[in-house]
Amino acid sequence: MKKFFTVAICLQCIFAAGGQKNPPLELSRVSAAEFALGNNLDLKAVKTGIDAARGRAAQAGRLENPVLGAEYGNDKLFSNEGEYGARAEISQKFPLFGRLSKEKEIGNLDVKLAVLEYEEARRQLALQVETSYIDALEKSSIAAAKRALLKAAKELEEFLKASLINAEASPLDAKRAESETAKLRIEIMRDDAETAAALTRLKILLGLPPDAVLKLSDKLAEIPAPKGQFSPQTLEARPDWLMYSLAAENANAQIALVKAGRFEDIEVGLFFEAGTSIDDPIGKKREKALGLSLSVPLPLNSFDGSINEKLALRRQAETRSAAKENQIRGEISAYRMLAKRYSKILQEHKTDVENPSGDIYRQYLEARKHAQADITEVLGAWQTCLQLKLMRLSLVAEQARNSIALKYALGVNEKNEK
């Protein structure tokens, strides 16, 4: 009996696990960005560039491998008197003017650049995730608004059909209301498809499979614009600007490396020689020697035109750094202006346009029930009410997108945001 209950419990666990094959994942806008930073595969691929740069830096600034040489010769092909000579040498090249330290410096700069590229990829990914989150909310909110008005449209359609039986409405009015209801139902189907597509795009950014169940816990609403202003700290928080600044520093290091490399490496060696020679009338003579060798290349062709190239790259990096600073200033100014303008538009839209439009539609609908308004007037008021609701959703989404863009333009990330 105990075995039977054990098997039954195991089967229940298996079926329960099978039924929750894709458990839903519920995320807010901010938590979605944090989730993507830890789960996006493209971002993980960018991060491996840091390890590659560290590998190159570890290899930079090292001496070349020492060279082991050996020589041997005899007179067997000539007089064959037993003469021979042998030489063994080990030599090492040493750079002048600190070339190896310059190579090490460039390697360390490459690591810094890889880190900045990763930080910029994180910033761009978080921005894309939050923006895509708002896009998905906008699509689903549009479908929800149309569903709410679809209910009112169906009530009008049913009222006209009932009135048609009592000869209180014309067949044309009933057909007109039925057509508008069908049209709205088709639009909702299209909006549902666009919502599903927006959620799929968001899942890709999050690193989730397309069949994952994703729920958005936030509602579409205005987002307060950050109060930060442009400052030197803003530039220090923007990896894309720091990359241009680092490019100028790297150009200086490249120039120093080229100058240090004008003179080739000297070569120092330790050698041992041994030989036997025949010297008349003395006879056979054996000689051995141990000594040092020094080889110094002459700098006859020391001019290197690549210095001009590095100087041009430095000027280019400095110019782009200034252009990027101006771009960042413009982004902050534009996003702040748009976020505030949209907030102001929304206030006036709700009080001066949307609320009166809703009242007008309800009055027309009530008047039509008492045969005091034409169906064309009712449907016209209904369409206007729908368009104004959709306009408000679009304005809210635009305000939120500009506030998010302003946040990331200021260099805010998930660490200093908390």
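Before reading on, note that the structure itself is shown above.
### Some details on the packing of helix α2 (residues 29–39) against helix α3 (residues 41–59)
And step 1. One way to put it is that α2 packs onto α3 with a least axis distance of 6 Å and a crossing angle of 50°. The orientation of α2 relative to α3 falls into the category oblique. In this structure, α2 contributes Ala 36, Leu 37, Gly 38 and Asn 39 to the contact, and α3 contributes Leu 41, Leu 43 and Lys 44.
And step 2. Of the residues in the contact of α2 with α3, the class split is four nonpolar, two polar and one charged.

### Structural notes on the side chain of Thr 195
And step 1. Mapped onto the secondary structure, Thr 195 falls in helix α5 (residues 171–206).
And step 2. Polar side-chain contacts of Thr 195 include one of 2.8 Å to the backbone oxygen of Asp 191.
And step 3. Setting aside residues up to four positions removed in sequence, Thr 195 forms contacts with Ala 136, Lys 139 and Ser 140.

### As for the layout of surface pockets
Here the idea is plain: a probe the size of a water molecule rolls over the atoms and shows the empty space left.
And step 1. Reported here for the largest pocket is a volume of approximately 150 Å³.
And step 2. Lining the largest pocket are Tyr 244, Ala 247, Asn 250, Ala 251, Gln 254, Lys 310, Leu 313, Gln 316, Ala 317 and Arg 320.
And step 3. Listing elements by their share of the lining of the largest pocket, those giving two or more residues are α7 (239–260) and α8 (306–369).
And step 4. The class makeup of the residues in the lining of the largest pocket is five nonpolar, three polar and two charged.

### A few points about the packing of aromatic side chains
And step 1. On inspection of all chains with the given rule, the structure shows one aromatic pair.
And step 2. In this structure, Arg 87 is placed above the aromatic ring of Phe 271, and the distance from its NZ or CZ to the ring centre is 4.3 Å.

### Quick word on the pattern of salt bridges
And step 1. Under the counting rule described, the total for this entry stands at 19 salt bridges.
And step 2. For Arg 29, the salt bridge goes to Glu 130, with nearest N and O atoms at 2.4 Å. With Arg 29 in helix α2 and Glu 130 in helix α4 (residues 99–165), this pair connects stretches of sequence that are 101 residues apart.
And step 3. For Arg 401, the salt bridge goes to Asp 135, with nearest N and O atoms at 2.4 Å. With Arg 401 in helix α9 (residues 375–409) and Asp 135 in helix α4, the pair connects residues that are 266 residues apart, well separated along the chain.
And step 4. Here Asp 135 falls in the partly exposed class, since its relative accessible area comes to 26%.
And step 5. What you see here is one network of salt bridges that share partners, running through Glu 120, Arg 123, Arg 238, Asp 240, Lys 324 and Glu 331.

### Structural notes on α2
And step 1. Residues of α2 that are buried include every one of Arg 29, Ala 32, Ala 33, Ala 36 and Leu 37, and no others. In an axial view of α2, the angular spread of the buried residues amounts to 140°, which keeps them on one side of the axis.

### Topic: the nonpolar core
And step 1. Ranked by internal contacts, the top residues of the largest apolar core, which has 47 residues, are Leu 125, Val 129, Ile 134, Leu 206 and Leu 220.
And step 2. Listing elements by their share of this core, those giving two or more residues are α2, α3, α4, α5, α8 and α9.
And step 3. When residues of this core are assigned to their parent elements, the largest contribution, 15 residues, is made by α4.
And step 4. Once you skip the residues sitting within four places of it in the chain, Val 129 turns out to touch Ala 32, Ala 33, Ala 36, Leu 202, Leu 205 and Leu 206.
And step 5. The next biggest cluster of nonpolar side chains, apart from the first, holds 15 residues, and it includes Met 243, Leu 246, Ile 328 and Ala 409.

Rules behind the numbers
Residues numbered from 1 in each chain as written. Predicted model: local features only at pLDDT ≥ 70, side-chain atom pairs only at ≥ 80, totals over all residues. Heavy atoms only, no water. Axes fitted to C-alpha atoms, helices over the stretch in contact; angles between N-to-C directions. Helix = DSSP H or I, 4+ residues; strand = E, 2+ residues; numbered from the N terminus. Parallel < 35°, antiparallel > 145°, perpendicular 65-115°, else oblique. Contact = heavy atoms within 4.5 Å. Nonpolar A, V, L, I, M, F, W, Y, C, P; charged D, E, K, R; others polar. Polar contact = N/O pair within 3.5 Å; in protein donor to acceptor, adjacent residues only side chain to side chain. 1 Å grid on protein atoms, 1.4 Å probe; cavity = no way out; pocket = protein on both sides within 12 Å on 5 of 7 lines; lining within 4 Å. Points joined across faces, edges and corners; volume = space filled by probe spheres on them. Phe/Tyr/Trp six-rings, centres within 6.5 Å; stacked < 30°, edge-to-face > 60°. Lys NZ or Arg CZ within 6 Å of the ring centre and 35° of its normal. Salt bridge = Lys/Arg side-chain N within 4 Å of Asp/Glu carboxyl O. Buried < 20%, exposed > 50% of the residue type's maximum accessible area, 1.4 Å probe, protein only. Arc of directions from axis to C-beta. Core = buried A, V, L, I, M, F, W, Y, C linked by side-chain atoms within 4.5 Å.

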